[in-house]
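Summary of structural features
Here are the chains, one letter per residue:
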Amino acid sequence: MRLFFLTKKQQKQYIAYLVGLTRVIHRNNVQLFEQDFESYDFCLKALCELSYLVGGIPAMQTVKHFGLEEGDD
């Protein structure tokens, strides 16, 4: 199920939010991974699902590209 009722402007805004969240999680992945792997795994899966709901496969690719660009996933 995708959220088709979002405008293009809202989609871009929400994708930007998801990119920001992904960057924060990715930058802190060592701490999160060592302290609580289940939470880290949950966050990554949630970001993937949410980006798909907001904008489909292109949004997932955008979030991955811009959210993880500072290092390997």
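About the thresholds
Residues numbered from 1 in each chain as written. Predicted model: local features only at pLDDT ≥ 70, side-chain atom pairs only at ≥ 80, totals over all residues. Heavy atoms only, no water. Helix = DSSP H or I, 4+ residues; strand = E, 2+ residues; numbered from the N terminus. Buried < 20%, exposed > 50% of the residue type's maximum accessible area, 1.4 Å probe, protein only. Polar contact = N/O pair within 3.5 Å; in protein donor to acceptor, adjacent residues only side chain to side chain. Contact = heavy atoms within 4.5 Å. Expected span 1.5 Å × (residues − 1). Arc of directions from axis to C-beta. Phe/Tyr/Trp six-rings, centres within 6.5 Å; stacked < 30°, edge-to-face > 60°.

Some words on the side chain of threonine 22
Mapped onto the secondary structure, threonine 22 falls in helix 1 (residues 8–27). Under the relative-accessibility criterion, threonine 22 is labelled buried at 5%. Separated by 2.7 Å, the side chain of threonine 22 and the backbone oxygen of leucine 18 make a polar contact. Residues contacting threonine 22, with those up to four places away along its chain left out, are Leu47, Val63, Gly67 and Leu68.

Observations regarding helix 1
Taking 1.5 Å per residue, 20 residues should reach 28 Å; helix 1 reaches 28 Å between its end C-alpha atoms and fits that length. For helix 1, every residue scored as buried is listed here: Gln11, Ile15, Leu18, Val19, Thr22, Ile25 and His26. Projected onto a plane normal to the axis of helix 1, the buried residues spread over an arc of 130° and lie on a single side. Along helix 1, the residues that are exposed and aim more than 90 degrees away from the buried face are Lys9 and Arg27.

Side note on the packing of aromatic side chains
Throughout the structure, instances matching the rule amount to one aromatic pair. Plain terms: the ring middles of tyrosine 14 and tyrosine 17 are 6.1 Å apart, the flat faces sit at 45° to each other, and that makes the pair tilted. Residue tyrosine 14 and its partner tyrosine 17 are both found in helix 1; the two are separated by three residues, about one turn of the helix. Owing to a relative accessible area of 49%, tyrosine 17 belongs among the partly exposed residues under this scheme.

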